Amino acid sequence: MKTRIIAGFCGLAGALVCAFLLTAQDITTITITKGERPSIAVADMRGSGVAQQYMDTFNKTLWDELDNSGALRMVPKTSYPLNLPQQPGDFKPPVLFSEWARPPVSANYLAFGYTAVQGDQILLYGNLFSVGQPDVQTAQVFPTRRYYGALSNDGAKSVARQFAADILKQFGVVSLSGTKIFFVSDRLGNKEIWSMDYDGSNQRQMTRYGSISGQPAVSADGKLFAFMTYAGGNPQIRIHTTDTSRRQTFVNPVSSAVATPEFTPDGKNLLFAATIDGWLQLMTAGIDGSGMRRLSNVRAIEVSPRVNPKTGSDLLFISGRSGHQQLWRMNLDGTDREMLTTGEGDVANPAWSPDGHHIAFCWTRGYEPGNFNIFVMDIADRKYVQLTSNSGRNENPGWAPDGVHLVFSSMRGRVTQIYSMLADGTNVRQLTTQGNNLQPVWAKGTE
């Protein structure tokens, strides 16, 4: 029974239930950052005493944090003056900031400072200057700030991220530090749910069922994750906490298949698909499985319910009612249904941007027809743009909490790995390397 369901579902609604078995994903983006980006120089910082051994880690982390934000143009370090400042007093008239403001540097801003050891901690003195100002007082974007961390490489990363977050805040950018990416990995033999930091570090196994698990979804507050697993025989949904991976109560419907879970923005309910009368249909229930009710009633497969995170009232889903699986939208009460895609090809993996203005999804139309690529649609005018090509099989785009990054997986050759990128298609970075890794979802941190 299980094999028949999966095979039939892949044929009609490919990359949904079978997505967690076979997927690969790629890039997803639209141009969200507009206009000229401010340029920033980031002087390599030195440390006193024992702190110096951690400065390579610190300097790399600070650069990467700012570079990956997409908000700033990073000035290459090869163009910097030989004498790098460590504290505001290093700027002496008449030179002041001219070396940094004029070519070849041509920076708008300069981040600089140094670290020391205080007790058993590393202490960073961080500064951000606007180099177009006439004197030190007016150049200071904020007064010298102190940041503390453990006297270790992890502590150096921590203070670099704190400093970067304060810099990015000046440009209206929310740091991704503390956010997590949940994903599926088979690196230890079975498909289990894993998590990692937004930059690919601290990868850890979250489930240990020794079976096939996939399709992770994370609650808006980042405290719970749901997923589909075969650990109990037929596919069913389970919910765990993100901190300790402790299993929570969820009563599954009596069904041969339950799939594609999604939390509502308020965290009180779970949406999913379950087989009813031979067809996967949209369902909703409390996060313990109580109050279960049906949202769709059609002789076609309907899966992947995704609630608008801003309104909490409209729902994206994938439906095969037109023949090919297509992207649809409706109100959460089941009214006002409309198909958003053209009916061509097959569509899968819808994802709302955090502001509810854009949808990322994968589609087999366009360039490289027959293979999934990532598209983004503006929900207001229904216009869409294709974002990936010539990069394998691209599926399951997921938005970062900042709304300007995406995570995705891509099957390039025989291996599927997870990548992140800016939402304008730049700064593509591979995050995983071991085994096959797929179905990422970017979650808000709980810290």
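Residues numbered from 1 in each chain as written. Predicted model: local features only at pLDDT ≥ 70, side-chain atom pairs only at ≥ 80, totals over all residues. Heavy atoms only, no water.

Trainee: Explanation requested: the pairing of strand S28 (residues 415-422) in the structure shown.
Mentor: Walk down a regular strand and you will see the side chains alternate between the two sheet faces. Buried residues dominate S28, accounting for seven of its eight residues. When strand S27 (residues 405-412) meets S28, the two strands line up antiparallel, connected through eight bridges. Bridge pairing links Ser410 to Gln417 in S28. With antiparallel pairing between neighbouring strands as the criterion, S27 and S28 make up a hairpin whose turn holds two residues, including Gly413 at a positive phi of roughly 85°. Of the strand pairs in this sheet, S28 and strand S29 (residues 429-430) are connected by two bridges, and their pairing is antiparallel. Across the sheet, Ser420 pairs through a bridge with Arg429, a residue of S29. (Buried < 20%, exposed > 50% of the residue type's maximum accessible area, 1.4 Å probe, protein only. Helix = DSSP H or I, 4+ residues; strand = E, 2+ residues; numbered from the N terminus. Pairing = 2+ DSSP bridges.)

Trainee: Would you explain the side chain of Glu192 in this entry?
Mentor: Its location among the elements puts Glu192 in strand S8 (residues 192-197). The side chain of Glu192 sits in the buried core without any salt bridge; Arg208 is the nearest counter-charge, 7.7 Å away. Within polar-contact distance, the side chain of Glu192 engages the side chain of Thr207 at 2.6 Å. Each residue touching Glu192, except ones within four places of it in the same chain, is listed here: Phe183, Val184, Ser185, Gln205, Thr207, Arg208, Tyr209, Gly210, Ser211 and Ser213. (Lys, Arg positive; Asp, Glu negative; His and termini not counted. Salt bridge = Lys/Arg side-chain N within 4 Å of Asp/Glu carboxyl O. Polar contact = N/O pair within 3.5 Å; in protein donor to acceptor, adjacent residues only side chain to side chain. Contact = heavy atoms within 4.5 Å.)

Trainee: Please explain the sheet that holds S8 as it appears in this structure.
Mentor: To summarise the sheet geometry, strands pair through backbone hydrogen bonds and adopt either a parallel or an antiparallel arrangement. Spatially, the four strands line up as an open sheet ordered S9-S8-S7-S30, and their pairing is antiparallel. Both outer strands of the open sheet, strand S9 (204-205) and strand S30 (437-443), are each paired with one neighbouring strand and no more. Of the pairings in the sheet, the one linking S8 to S9 comprises two bridges and is antiparallel in character. By the bridge assignment, Ser195 is partnered in S9 with Arg204.

Trainee: Hey, could you run me through the nonpolar core in this one?
Mentor: The nonpolar side chains of soluble globular proteins are, as a tendency, buried together. Counting 43 residues, the largest nonpolar core has Ile40, Phe58, Leu62, Leu66, Phe91 and Phe163 as its most contacted members. Within the residue set of this core, elements represented by two or more residues are strand S1 (39-42), helix H3 (55-69), strand S4 (109-118), strand S5 (121-130), helix H5 (136-139), strand S6 (140-150) and helix H6 (153-169). No other element matches the seven residues that H6 contributes to this core. Ignoring anything within four residues of it in the chain, the contact list for Ile40 reads Leu66, Leu72, Arg73, Met74, Val75, Tyr80, Tyr109, Leu110, Ala111, Leu128 and Ile167. Ala257, Ala273, Leu327 and Met377 belong to the second largest nonpolar core, which has 17 residues in total. (Core = buried A, V, L, I, M, F, W, Y, C linked by side-chain atoms within 4.5 Å.)

Trainee: I keep staring at the side chain of Ser130 and nothing clicks. Help me out?
Mentor: Residue placement: Ser130 occurs in strand S5. When residues no more than four places from it in sequence are discounted, the contact partners of Ser130 are Asn108, Tyr109, Ala139 and Val141.

Trainee: Sorry if this is basic, but what is going on with the sheet that holds strand S13 (residues 247-248) here?
Mentor: On the basis of which strands lie adjacent, the open sheet formed by four strands has the order S10-S11-S12-S13 and antiparallel pairing. Taken across any chain shown, the strands that pair with only one partner, and hence form the sheet edges, are strand S10 (213-218) and S13. With two bridges joining them, strand S12 (residues 236-241) and S13 adopt antiparallel strand pairing. By the bridge assignment, Ile239 is partnered in S13 with Gln248.

Trainee: Help me understand the packing of aromatic side chains, please; the structure alone is not making it clear to me.
Mentor: Centre distance and the angle of the planes are the two values used to describe a pair of aromatic rings. Overall, the coordinates contain 20 aromatic pairs when judged by the stated rule. Between Phe112 and Phe129, the ring centres sit 4.9 Å apart and the planes meet at 90°, which makes this aromatic pair edge-to-face. Of the two residues, Phe112 is situated in strand S4 and Phe129 in strand S5; the sequence distance between them amounts to 17 residues. In this structure, Phe112 and Phe129 share a single accessibility class: buried. With centroids separated by 6.1 Å and ring planes inclined at 40°, the aromatic side chains of Tyr209 and Phe227 adopt a geometry described as tilted. Taken together, the residues span a long stretch of sequence, with Tyr209 in the loop between S9 and S10 and Phe227 in strand S11 (residues 224-229) at a distance of 18 residues. With a relative accessible area of 25%, Tyr209 lands in the partly exposed category. Of the residues examined, Phe227 reaches a relative accessible area of 0% and is grouped as buried. In textbook terms, an aromatic cluster arises when at least three aromatic residues are bridged by ring pairs, as seen for Phe91, Phe97, Phe112 and Phe129. In this structure, Arg187 is placed above the aromatic ring of Trp194, and the distance from its NZ or CZ to the ring centre is 4.3 Å. Note that Arg238 overlies the ring of Tyr209, its terminal NZ or CZ placed 4.7 Å from the centroid. (Phe/Tyr/Trp six-rings, centres within 6.5 Å; stacked < 30°, edge-to-face > 60°. Lys NZ or Arg CZ within 6 Å of the ring centre and 35° of its normal.)

Trainee: What's the story with the environment of Asp266 in this structure? I'm lost.
Mentor: Topologically, Asp266 is positioned in the loop between strand S14 (258-263) and strand S15 (269-276). C-alpha of Asp266 to C-alpha of Asp221: the two residues are 45 residues apart in sequence and 8.6 Å apart in space. Of the polar contacts made by the side chain of Asp266, one reaches the side chain of Thr264; its length is 2.7 Å. At 2.9 Å, the side chain of Asp266 forms a polar contact with the backbone nitrogen of Lys268.

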